[in-house]
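As a plain string of letters, each chain reads:
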Amino acid sequence: AEYMGAHVRIHFLMSLTRMPVVFLNHGSPMVLMDANHPLRAFYMTLSMALPRPTAIVMVSAHWEQRIPTVTSWESQELVYDYYGFPDELYTLKYPAPGKPSLATRIQTLLTDKGLKSQTSTRGLDHGAFTPLMSMYPEADVPVVAVSLLSTLDPSQHVALGKALSPLRDEGVLILCGGAATHNLRLLFSYDKSGDPTVPVPWAKEFITALNRVVLESPADKRHESITSLPSLPHFDTAHPRAEHLAPLYVAVGASLETDEVQKLNDVYEMKCFAGVSYIFGSSESRQSATRTEL
């Protein structure tokens, strides 16, 4: 798929019956102020490359609760969880419907895995609506948000992803919005001269190590390997607090041993902010897809 010069090519033939899981850089709400922003083009192109979902389960880095919390609303108001931005960003609307029946289904899946949960009427925050407004601008795909856990524990979030995984066979896209690096203090401290897309050494080294874990771990060891991320070089610099990496734990937890994984949007902004995203998808229906095309 291509839009405004952005390219997204999924290298594997996605299953016709099982939706993929995506971890993506959710971006700043300022992305929505610029129709030509490359991240906005990436979101649009990504949605064109994905199968059309019946609903979206959205996991945002900007919502943490003591236990997994699921939105049960039929309609919602956005949460403007940022300060000092242009006035236009406080009047945004994204009237995507909720899906209470899906919220109930999610709670059942969590219970089946021994996980307590609760419901909420909280609206979508910018970690959700920034990508969604570009991916599905008509707001015609139902959205149910699921919170992170305030512990930010890798294993607990992998378990959360495992519990959500069966939804993929029900036409549901699991979309996890975070960031591969997220150190706002350093983000604004670097010299503005030079090419902002050339990463500083620690960011490049961290992303190289992160890619190695995500892309090269054996599929049957992926869930275990991802919990080792806090031991990667420069982890504390890349993530002074790990809320923006926790959605990746959920995405990996929702992946299956039959899934292939691919890196997307491997770019940098402001020398230390990595835009890398990952998609996990099953290609087991390749033969079925070929027969359909014939």
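Higher on the page you've got the structure.
Parameters at a glance
- Residues numbered from 1 in each chain as written.
- Predicted model: local features only at pLDDT ≥ 70, side-chain atom pairs only at ≥ 80, totals over all residues.
- Heavy atoms only, no water.
- Helix = DSSP H or I, 4+ residues; strand = E, 2+ residues; numbered from the N terminus.
- Buried < 20%, exposed > 50% of the residue type's maximum accessible area, 1.4 Å probe, protein only.
- Areas by Shrake-Rupley, 256 points an atom, 1.4 Å probe, with all protein chains shown as cover.
- Contact = heavy atoms within 4.5 Å.
- Polar contact = N/O pair within 3.5 Å; in protein donor to acceptor, adjacent residues only side chain to side chain.

A. Molecular detail of the overall build of the protein chain. The helix and strand inventory of the protein chain stands at 10 helices and 12 strands. Going through the 294 residues of the protein chain one by one, you find that 55% of them count as buried. About 12,800 Å² of surface is accessible on the protein chain, with carbon and sulfur atoms providing 52% of the total.

B. Main features of the environment of threonine 119. Topologically, threonine 119 is positioned in strand 6 (residues 118–120). Placed 48 residues apart in sequence, threonine 119 and threonine 71 show a C-alpha to C-alpha distance of 5.5 Å. With near-sequence residues (within four places) excluded, threonine 119 lies in contact with Thr69, Val70, Ser72 and Gln107.

C. Representation of the environment of serine 134. In this structure, serine 134 sits in helix 3 (residues 126–135). For the pair serine 134 and tyrosine 43, spaced 91 residues apart in sequence, the C-alpha separation works out to 5.8 Å. Apart from the residues lying within four places of it in its own chain, the contact partners of serine 134 are Leu32, Arg40, Tyr43 and Met44.

D. How the structure looks around the side chain of histidine 182. Checked against the element boundaries, histidine 182 lands in the loop between strand 8 (172–178) and helix 5 (184–187). Among the polar contacts listed, one links the side chain of histidine 182 to the side chain of histidine 244, at a separation of 3.4 Å.

E. Region of interest: unusual backbone geometry. Of note, the phi angle at alanine 139 is positive, near 55 degrees, even though the residue is not glycine. You can see alanine 139 is positioned in the loop between helix 3 and strand 7 (143–149). Taking relative accessible area as the criterion, alanine 139 reaches 8% and is therefore assigned buried. Despite not being glycine, histidine 234 shows a phi value in the positive range, around 70 degrees.

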